[in-house]
Amino acid sequence: MINAIRGKCLSISDNSIVVLTEGGIEFTLECSLKTTDKFRSLSPEEKTHVRVFSILNHREDAMTLFGFYDEKERFCFTELQTVPGIGPKGALKILGGITVDDLVLALDTQDVKKLSKVPGLGAKTAQKLILQLRNVLVFDSEEEKVDGGQNGKTAVRFSDFISSFTEMGYDRKSVIKAIDEVLGENSEKYKSMDDRNIEKVIFTHVLRRLN
């Protein structure tokens, strides 16, 4: 996976950005309108050193590089596509019509009316989003990031693991807090383990803290 493209911003349109890397390669990244607006608002100096988070979509007939201003938007882009009927283009259109924070708030409050007004969404699809993503698109507040012990990355790193607990009826924030506490107690032990093995080892410990 290409995590990000660094370089000079050569041009910006409503749905794409072109970045020239130090190696002389020009990358065109398809972006949401919210992302291109953010890059467009940068000063000339800032545009000479940009970092565009990315995802490479590889199909039989084409390869498309998608770009994002931050990791939160990229995570939303990925999760939106898990909803039936929403592909990469549809996900970008949705993210171009609503900020990530407003999307998360609408999901949390089950605001079908607000979601239905977003380009690319109707009432039925809005309801699908709420059912499937309400407990997935949740990001820690700045205060929680400081206290979390994992710099706010736990929600993304262990998203499937967290979902297994929320499906059992546990509060998502409590699950994230329990995971951070367990990892913090044996941080050296887990450094040499991959995430899947960590999940197997800490499952019981997390469950005890939740109960």
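Located above this text is the structure these notes cover.
Let me sum up the structure you'll find in this document. All values reported here derive from a predicted model rather than from experimental measurement. (Residues numbered from 1 in each chain as written. Predicted model: local features only at pLDDT ≥ 70, side-chain atom pairs only at ≥ 80, totals over all residues. Heavy atoms only, no water.)

### Overview of the overall build of the protein
Then comes step 1: When you go through the protein residue by residue, the secondary structure sums to twelve helices and five strands.
Then comes step 2: Principal-axis analysis of the C-alpha atoms places the extent of the protein at approximately 55 × 45 × 40 Å.
Then comes step 3: Counting across all 211 residues of the protein, residues that qualify as buried make up 37%.
Then comes step 4: Of the contacts made within the protein by residues no fewer than 6 positions apart, 50% connect residues no fewer than 24 positions apart.
Then comes step 5: When the accessible surface of the protein is totalled, it reaches about 12,100 Å², and 49% of it is carbon and sulfur.
Then comes step 6: On the protein, the mean spot of the 30 positive side-chain charges and the mean spot of the 32 negative ones are 3 Å from each other. (Helix = DSSP H or I, 4+ residues; strand = E, 2+ residues; numbered from the N terminus. Buried < 20%, exposed > 50% of the residue type's maximum accessible area, 1.4 Å probe, protein only. Contact = heavy atoms within 4.5 Å. Areas by Shrake-Rupley, 256 points an atom, 1.4 Å probe, with all protein chains shown as cover. Lys, Arg positive; Asp, Glu negative; His and termini not counted. Charge placed at Lys NZ, Arg CZ, Asp CG, Glu CD.)

### Here we look at the packing of aromatic side chains
The description of an aromatic ring pair rests on the distance of the ring centres and on the angle between the ring planes.
Then comes step 1: Scanning all chains against the criterion turns up eight aromatic pairs.
Then comes step 2: For the pair Phe 68 and Phe 77, a centre-to-centre distance of 4.9 Å together with 50 degrees between the ring planes defines the contact as tilted. The same class applies to Phe 68 as to Phe 77, namely buried.
Then comes step 3: One aromatic cluster is present, built from ring pairs that chain together Phe 158, Phe 161, Phe 165, Tyr 170 and Phe 203. (Phe/Tyr/Trp six-rings, centres within 6.5 Å; stacked < 30°, edge-to-face > 60°.)

### Thoughts on the pairing of strand E4 (residues 50-58)
Then comes step 1: Direction of pairing for strand E1 (residues 4-12) relative to E4: antiparallel, over a ladder of four bridges. Counted as the bridge partner of Gly 7 is Val 50 from E4.
Then comes step 2: Following E4, the chain reverses through four residues before pairing antiparallel with strand E5 (residues 63-68). (Pairing = 2+ DSSP bridges.)

### Here's the deal with the pattern of salt bridges
Then comes step 1: Here the structure, examined in full by the defined rule, presents nine salt bridges.
Then comes step 2: Among the salt bridges present, the one from Lys 89 reaches Glu 30, with a minimum N-O distance of 2.6 Å. You can see Lys 89 sitting in helix H3 (residues 88-97) and its partner Glu 30 sitting in strand E3 (residues 26-30), a full 59 residues away along the chain.
Then comes step 3: Accessibility expressed as a relative area gives 23% for Glu 30, which makes it partly exposed.
Then comes step 4: Two residues, Arg 196 and Glu 199, come together in a salt bridge whose shortest N-O distance is 2.9 Å. With a gap of three residues between them, Arg 196 and Glu 199 both fall in helix H12 (residues 195-210), about one helical turn apart.
Then comes step 5: A residue is classified by how much of its surface remains accessible, and Arg 196, at 47% relative accessible area, is partly exposed. (Salt bridge = Lys/Arg side-chain N within 4 Å of Asp/Glu carboxyl O.)

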